[in-house]
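Structural characterization, general
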Amino acid sequence: MSRTENDTGTTPPPGDDTAFFGQPRGLLTLSGLEVWERFSFLGMQAILVLYFADTVAHGGMGMDPGNAASVSAAYGTLVYLVSVAGGWLADRILGSYRAVLWGGILIACGHYSMAVPTPTMTWVGLGLISAGTGLLKPNVASMVGKLYRTDDQRRDAGFALYYMGINIGAFAGPLITGWLGDHKGWHWGFSAAAIGMTFGLIQYVAGRRHLAGRTEAAEYALPPEGMRRAVRLMIAGAVVVAALAVVLALAGWLTMGRFVDILTYISVIAPIVYFVVMFRSPRVTAEERGRLKPYLVLFIASVAFNFILFQAYSTMMLLASTNAESTILGFDFPTSWYASALGAFEVLLAPIVAGLWVRMGKRQPHASNKIAIGVILGGLSFLLMALPTSGHSSDTYKMAAWWIVGSYLLLGLGDILVETSGMSATTKLAPQAFASQTMALWFLSLALANGIQAQVVKLYGEVSNPAYFGVNGAIAVAVGIAVIALAPWLRRTMHPVH
């Protein structure tokens, strides 16, 4: 392949492109982008609920803990709902490269907006970040896949490096934003997230010539007239929704609480509609329809686990800020640094888990059992927190930091099992007619988990901590056990997933 052809970005790089640990150079560009995107996204999210719950006098928003966690969860719901549309926009209008570029620009603008210390700019920033993440997140992974030919044996190892980059960003982000938020002010932390995303964009553009497909239009582009019509409808729809929101807000009907409720309703309705369409579609064969039934079970398992996982950045942060020591071996640290433990455990444990599966070979658990074990570990991470929060006569107690760290260890291991096996199963079980929308299925499970969380976390602070963590943890464990009980049926119906 000539250099000219490769520079146009119309095909994957040649197989002898091994510049990045034996992988194509484009993987460095995309992994670097994800490091900074996760740095900014999770760095901001680690301090977001603390900022909401902090007093106005101290630079916060003055929300009570339950509402702070609810609004934070609603933001997560919006991100993943928009991600469904982001995949469609890339497929039909923008193309993956431009979708990721514009998504990154919106994210950076959102973080810069949040760096301005006014409530209005906080909400503007969260809206921009939601839109930007919705464009970027579902399309970066598809660009990684385009770096390899179908028969390239380096593909799995390349994705492993890519996901390690994600977790490096998840580890580093809360360290920087947390320290700045604790020592300089919350908006300093948001500024760090903005600078991080800017670095990510710079290296993404600088390395664009190594990305396959960067100059192509959308892969399944609409015809010109259809594209113009779609753009007009989207602009008109956005204007109508914005105008309606302003009118309802001025009339006193659209409060923050009602907005959270609306997002929860959408997160429930969207996957129901999606599954009904797939089950009834004439383009879905009887065999594919049969594989959708076990996928429903895995979808519910994903919701149960991620309901727990996402609280690592909400209720767990609130609990740590009020009732956990922030000292380990004599070293004091900001509360938000606990969130870095999750990324650290995933970086350390992912290679061990992967090596274990390789060593076990055909003796390794079925994909459904891996997911079930992950869900159980997520539930146990909450059940663990019921122990140090029990038996106290007041709310002024302090638990050892190791309780939170231990909970995140269980949660990190569970995340490795659920996310890797769940994504793999999604790509294999989705009907061929909906193959380009497999990421949408997965994002809908994450949106629903956040939507449910947005309602349940309102109970945080209203019921006792042992009851809150104990009941939620027990429900997740029960879901995991139910999936294991269904294992014989799942093994029969999930072919070709092993």
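This structure is a prediction, so every number in the text was calculated from the model and none was measured.

**Some points on the overall build of the protein chain**
- Of the regular secondary structure elements, the protein chain holds 17 helices and 2 strands.
- Dimensions of the protein chain along its principal axes, counting C-alpha atoms only, are 70 × 55 × 45 Å.
- Per-residue burial for the protein chain yields a buried fraction of 52% across its 498 residues.
- Considering only residue pairs separated by 6 or more positions, the protein chain has 81% of its internal contacts joining residues 24 or more positions apart.

**Quick word on the pattern of salt bridges**
- Under the counting rule described, the total for this entry stands at 6 salt bridges.
- Arginine 38 is paired through a salt bridge with glutamate 37; the nearest N and O atoms lie 2.7 Å apart.
- We classify glutamate 37 as buried; its relative accessible area is 0%.
- The partner of arginine 291 in a salt bridge is glutamate 287, with the nearest N and O atoms 3.3 Å apart. With arginine 291 and glutamate 287 both in helix α10 (residues 286–309) and 4 residues apart, this pair spans about one turn of that helix.
- Owing to a relative accessible area of 12%, arginine 291 belongs among the buried residues under this scheme.
- Take glutamate 287: its relative accessible area is 55%, and that puts it in the exposed class.
- Put simply, Glu225, Arg228 and Arg232 are held in one network by salt bridges that share partners.

**Comments concerning the nonpolar core**
- Grouped together as the largest cluster of nonpolar side chains are 103 residues, with contacts concentrated most on Met44, Phe52, Tyr338, Ile404 and Tyr408.
- Ranked by the residues each element gives to this core, the list is headed by α10, at 12 residues.
- Among residues more than four places away in sequence, those in contact with methionine 44 are Phe39, Tyr75, His111, Met114, Leu126, Ile129, Thr177, Phe190 and Ala193.

**Some points on the confidence of the model for the protein chain**
- Overall, the prediction assigns the protein chain a mean pLDDT of 84, with 91% of residues at 70 or greater.
- Mean pLDDT per element in the protein chain: helix α1 (residues 3–7) is the minimum at 41, and helix α16 (residues 465–485) is the maximum at 94.
- Contacts for the low-pLDDT stretch residues 1–8, under 50 throughout, to residues beyond four places or in other chains number 17 contacts.

**Comments concerning α16**
- With 21 residues, α16 extends 30 Å from end C-alpha to end C-alpha; this agrees with the ideal 30 Å at 1.5 Å per step.
- Of all the residues in α16, the buried ones are Asn465, Tyr468, Phe469, Gly470, Asn472, Gly473, Ala476, Val477, Gly480 and Val483.

**Focus on empty space enclosed by the protein**
- One pass over the full model with this rule turns up 2 cavities of 30 Å³ or more.
- What lines the second largest cavity is Gln45, Ser72, Ala73, Gly76, Phe310, Ser314, Asn450 and Gln453.
- In terms of residue count, the dominant contributor to the lining of the second largest cavity is helix α3 (residues 65–94) (3 residues).
- For the lining of the second largest cavity, the residue count by class is 2 nonpolar, 6 polar and no charged.

**Considering the side chain of asparagine 450**
- Here asparagine 450 shows up in helix α15 (residues 438–456).
- There is a polar contact of 3.0 Å between the side chain of asparagine 450 and the side chain of glutamine 453.
- Ignoring any residue separated from it by four or fewer positions in sequence, one finds asparagine 450 in contact with Ala73, Gly76, Thr77, Tyr80 and Phe310.

**Structural notes on a nonpolar patch on the surface**
- Taken together, the side chains of Trp253, Ile262, Tyr265, Ile266, Val268, Ile269, Ile272, Val273, Val276 and Val277 present a nonpolar region at the surface, about 870 Å² in accessible area.
- Within the element layout of this structure, tyrosine 265 appears in helix α9 (residues 256–280).
- Assessed through its relative accessible area of 55%, tyrosine 265 is described here as exposed.

**Things to note about the packing of aromatic side chains**
- One pass over the structure, following the stated rule, counts 17 aromatic pairs.
- Seen in terms of ring centroids, phenylalanine 333 and tyrosine 338 are 5.1 Å apart; in terms of plane orientation they differ by 80 degrees. Their pairing is edge-to-face.
- One aromatic cluster is present, formed by Tyr51, Phe52, Trp123 and Phe190 through successive ring pairs.

**Quick look at the environment of alanine 487**
- With respect to the helices and strands, the residue alanine 487 is situated in helix α17 (residues 487–493).
- Through-space distance from the C-alpha of alanine 487 to that of asparagine 369 is 6.9 Å; in sequence the pair is 118 residues apart.

**Concerning the layout of surface pockets**
- Its volume calculated, the second largest pocket comes out at about 1,600 Å³.
- As for the second largest pocket, its lining consists of 40 residues, and the residues nearest its centre are Leu78, Val82, Ala238, Val241 and Phe259.
- In terms of residue count, the dominant contributor to the lining of the second largest pocket is α3 (12 residues).
- Here the residues of the lining of the second largest pocket sort into 35 nonpolar, 5 polar and no charged.

Basis of the calculations
Residues numbered from 1 in each chain as written. Predicted model: local features only at pLDDT ≥ 70, side-chain atom pairs only at ≥ 80, totals over all residues. Heavy atoms only, no water. Helix = DSSP H or I, 4+ residues; strand = E, 2+ residues; numbered from the N terminus. Buried < 20%, exposed > 50% of the residue type's maximum accessible area, 1.4 Å probe, protein only. Contact = heavy atoms within 4.5 Å. Salt bridge = Lys/Arg side-chain N within 4 Å of Asp/Glu carboxyl O. Core = buried A, V, L, I, M, F, W, Y, C linked by side-chain atoms within 4.5 Å. pLDDT = per-residue confidence, 0-100. Expected span 1.5 Å × (residues − 1). 1 Å grid on protein atoms, 1.4 Å probe; cavity = no way out; pocket = protein on both sides within 12 Å on 5 of 7 lines; lining within 4 Å. Points joined across faces, edges and corners; volume = space filled by probe spheres on them. Nonpolar A, V, L, I, M, F, W, Y, C, P; charged D, E, K, R; others polar. Polar contact = N/O pair within 3.5 Å; in protein donor to acceptor, adjacent residues only side chain to side chain. Patch = residues over 30% accessible without salt bridge, like charges linked within 9 Å, V, L, I, M, F, W, Y side chains within 5 Å. Areas by Shrake-Rupley, 256 points an atom, 1.4 Å probe, with all protein chains shown as cover. Phe/Tyr/Trp six-rings, centres within 6.5 Å; stacked < 30°, edge-to-face > 60°.

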